[in-house]
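These are the residues of each chain, in order.
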Amino acid sequence: MNDILPPDSATWEWLEALVRDLMATYGYRNIRTPIVEPTGLFVRGLGEVTDIVEKEMYSFEDRLNGEHLTLRPEATAGVVRAVAEHSLLYEGGKRLYYMGPMFRHERPQRGRYRQFHQIGAEALGFAGAEVDAELILMAHTLWRRLGLEGVRLELNSLGEPHERKAHREALIAYLEAHASQLDEDALRRLHSNPLRILDTKNPTMQELVNQAPRLMDYLGERSAAHFHQVQRILDAAGVEWTVNPRLVRGMDYYNLTVFEFVTDRLGSQGTICGGGRYDYLIEQIGGKAAPAVGWALGVERVLELVREHAKTPPPPVPDVYAVVPDADSLPRVMQVLQQLRQRGIRVQMHASAGGEGMGSMKSQFKKADASGARVALVFGADELARDAVVVKQLRDGAGVQAEHSLADLSVWVSSLQSQDLT
Ligand code: ATP
Ligand code: MG
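Residues numbered from 1 in each chain as written. Chains lettered and ligands numbered in written order. Predicted model: local features only at pLDDT ≥ 70, side-chain atom pairs only at ≥ 80, totals over all residues. Heavy atoms only, no water.

What counts, and what does not: UniProt positions are given in the numbering used here, feature names are shortened, and annotations may be inferred rather than shown by experiment.
Within an unreviewed UniProt entry, the label attached to the protein chain reads Histidine--tRNA ligase, and the organism entered is Acidovorax lacteus. Regarding the protein chain, the UniProt comment filed under Sequence similarities (unreviewed entry) reads as follows: "Belongs to the class-II aminoacyl-tRNA synthetase family." Of the comments in the UniProt record for the protein chain, the one headed Subunit (unreviewed entry) reads "Homodimer."

Next up, the structure:
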């Protein structure tokens, strides 16, 4: 679990602002659900034999009433609960997005944290492939706006439950016939969740899973058409993709389209975003049956990629730094600073670190320089006595200074934000 400190936090805010803007351009609206939910929600929603439910959840008992609670390991289950609880689909489909911390008790390694952050988008109440494609396009657009390169899109279709059942039988038969080559994890999952065996990272099992029966070959006409339509829309939009028949995703709730955005530039933790359709989850959680599709991206991984391979904006700096030689002037000075801030100027005021008075001019100017501000406003007692302030350049033309009257603040103040102030 990490502390996110300045100046790094500015990069987070920059990403969040980009996402808010992106979501608005696609008509997705913000939802905020609790960090804690009843444990049963995740067990029902994610599936009992998933990594998350088996070993990654932070679960505890409420001391007052014994309720079983869990820090959310992902947000889709909570969003679906909220949508059902508030009958949000009563008037038709909803497009939603969220940002926030998730919790999974995983082994710490690069790109994998126990408190991490996701940004996710969910479209609920829409059955058509166009919404799958819209969500994929939206994520693709985000990578472009972030300046990310080398992000691959992998697609797969998990079909519908009856197609999965037929495939599952064939898969179990195949794996049973090769039981001696299965590792411990695979043996355990053989009958509970055989599809997940295809997702194994064990190198000695790669050949075996490569030859396994492919779900793609069990898709009926409707499922195949849905998948094809997603691909046609992506092609028309100029988004490249490949089919990865072994892409199954970590949660049980997916059907039809699933997808991941993957990069080779983050070591083995290369998936920055994953999602898919989950048409049966809402009913499973106790709501009225409705189709849905969504994705979630890992903020830490996206930002790691951004930092290494794209340009991040410089952290914000104040426009002006207020140098205050004499503590007696503070009430008047702070009145003036309030007026500047009301006009949108970013003001950082010198504050004493302790000891007597405000500190020497030398130490105040040192702080002013370090703040990154372009100018210092020097509120000397003599100038204040004639209702004036000295504006001193700190960057271009450093040292150049001029006196301005506080009475006509509005005449010169706008130039504090532009490059050419004297
Ligand atoms: P993985 O196969 O890497 O464990 P997952 O299938 O568990 O991924 P999802 O639940 O789909 O991942 O979460 C979506 C995204 O959230 C992932 O693609 C990844 O970028 C990010 N993510 C998941 N778990 C973590 C974690 N422990 N630390 C940081 N980011 C994570
Ligand atoms: Mg995982």
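### Examining the nonpolar core
Stated formally: Only buried residues count toward a nonpolar core. Its members are Ala, Val, Leu, Ile, Met, Phe, Trp, Tyr and Cys residues joined through side-chain atoms within 4.5 Å. Partly exposed residues are those whose accessible area sits between 20% and 50% of the maximum for their type, while under 20% is buried and over 50% is exposed, using a 1.4 Å probe and protein chains only. A run of H or I in DSSP becomes a helix once it reaches four residues, and a run of E becomes a strand once it reaches two; helices and strands are each numbered from the N terminus. Contact between two residues is taken to exist if any of their heavy atoms lie within 4.5 Å; hydrogens are not considered.
Leu 46, Leu 124 and Leu 175 are the most contacted members of the largest nonpolar core, which totals 46 residues. The element best represented in this core is helix α4 (residues 76-85), accounting for five residues. Apart from residues no more than four positions distant in its own chain, Leu 124 is found in contact with Val 79, Val 80, Val 83, Leu 89, Gly 93, Lys 94, Leu 96, Tyr 278, Ile 282, Pro 291 and Ala 292. Core analysis: the second largest hydrophobic core is formed by 42 residues, Trp 14, Leu 137, Leu 153 and Leu 303 among them.

### Regarding the sheet that holds strand β8 (residues 242-243)
To keep things clear, this is the line we draw: By the convention used here, strands pair only if DSSP detects at least 2 bridges between them.
The mixed open sheet is built from eight strands, whose spatial order is β1-β5-β6-β11-β10-β9-β7-β8. Where the open sheet ends on each side, the last strands, each with one partner, are β1 (29-30) and β8. Relative to strand β9 (residues 255-262), strand β7 (residues 152-157) runs antiparallel, the two sharing six bridges. Bridge pairing links Arg 152 to Val 262 in β9.

### Section: the packing of helix α1 (residues 8-26) against helix α11 (residues 299-309)
Two quantities define a packed helix pair, namely the angle between the helix axes and the distance between the axes. Short version of the rule: Between the N-to-C directions of two axes lies an angle of 0 to 180 degrees, each axis being a line fitted to C-alpha atoms and, for a helix, fitted only over the stretch in contact. By definition in this entry, angles of less than 35 degrees are roughly parallel, angles greater than 145 are roughly antiparallel, angles of 65 to 115 are roughly perpendicular, and the rest are oblique. Ten residue types, Ala, Val, Leu, Ile, Met, Phe, Trp, Tyr, Cys and Pro, are classed as nonpolar, four, Asp, Glu, Lys and Arg, as charged, and the remainder, Gly among them, as polar.
For the pair α1 and α11, the least separation of the axes is 11 Å and the interaxial angle reads 105°. Relative to α11, the element α1 is oriented roughly perpendicular. In this structure, α1 uses Asp 8, Thr 11, Trp 12, Trp 14 and Leu 15 to contact α11, whose residues at the interface are Val 299, Glu 300, Leu 303, Val 306 and Arg 307. Here the contact of α1 with α11 is built from residues that sort into six nonpolar, one polar and three charged.

### Focus on the sheet that holds strand β2 (residues 36-38)
Across the sheet, which stays open at both edges, the three strands sit in the order β2-β4-β3 with antiparallel pairing between neighbours. Of all the strands in the sheet, the pair left with one neighbour each is β2 and β3 (59-61). Each strand of the sheet is rotated relative to its neighbour by a mean of 35°, with strand direction disregarded. Pairing between β2 and strand β4 (residues 68-71): three bridges, direction antiparallel. By the bridge assignment, Pro 38 is partnered in β4 with Leu 69. Packing against the sheet, helix α2 (residues 39-46) makes contact with β2, β3 and β4, and its axis sits at approximately 75° to β2.

### A look at the packing of aromatic side chains
For any pair of aromatic rings, geometry is given as the distance between the ring centres together with the angle between the planes. Going by this rule: Each Phe, Tyr or Trp ring, with Trp reduced to its six-membered ring, pairs with another whose centre is within 6.5 Å; inter-plane angles below 30 degrees give stacked pairs, above 60 give edge-to-face pairs, and intermediate values give tilted ones. Note on geometry: a ring has a charge over it if NZ (lysine) or CZ (arginine) is within 6 Å of the ring centre and within 35 degrees of the ring normal.
For the structure shown, the criterion picks out four aromatic pairs. Pairwise contacts between aromatic rings join Trp 143, Phe 259 and Phe 261 into one cluster. Over the ring of Phe 126 we find Arg 95; its NZ or CZ atom is 4.9 Å from the centre of that ring. Cation over ring: Lys 392 sits above Phe 365, and NZ or CZ is 4.3 Å from the ring centre.

### Considerations on the packing of α2 against α4
Put simply, α2 and α4 touch, their axes get as near as 9 Å, and they point 105° apart. Our classification of the angle between α2 and α4 gives roughly perpendicular. Every residue of α4 that contacts α2 at Leu 41, Phe 42 and Leu 46 is listed here: Ala 77, Gly 78 and Arg 81. Residues of the contact of α2 with α4, tallied by class, amount to four nonpolar, one polar and one charged.

### Digging into the environment of Val 80
By secondary structure assignment, the location of Val 80 is in helix α4. The class of Val 80 is buried, set by a relative accessible area of 0%. The spatial distance from the C-alpha of Val 80 to the C-alpha of Ala 292 is 9.3 Å, given a sequence separation of 212 residues. In this structure, Val 80 is in contact with Leu 124, Tyr 278, Leu 281, Ile 282 and Ile 285, ignoring residues within four places of it in sequence.

### Re the site of ligand 1
Cut-off, in case you're wondering: Definition of nearness: a residue and a molecule or strand are near each other if at least one heavy atom of the residue lies within 4 Å of the molecule or strand. Distance and chemistry together define a polar contact, namely a pair of N or O atoms within 3.5 Å, with one atom able to donate a hydrogen and the other to accept it when in protein, and with adjacent residues in sequence counting only for side-chain atoms on both sides. All accessibility values rest on the Shrake-Rupley procedure with a 1.4 Å probe; residue burial counts only the protein chains present in the view.
Looking at ligand 1, there are 15 residues lining it, with Arg 104, Glu 106, Tyr 113, Arg 249 and Thr 271 nearest. At a separation of 2.6 Å, a nitrogen atom of ligand 1 approaches a polar side-chain atom of Glu 106. Note that an oxygen atom of ligand 1 is positioned 3.4 Å from one of the backbone N or O atoms of Ile 272. Coverage of ligand 1 by the protein chains reaches 90% of its 590 Å² of free accessible surface. Those elements that place two or more of their residues in the shell around ligand 1 are β6 (115-124), β10 (271-277) and β11 (292-298). Top contributing element to the shell around ligand 1 by residue count: β10, with three residues. For the shell around ligand 1, the residue count by class is six nonpolar, four polar and five charged.

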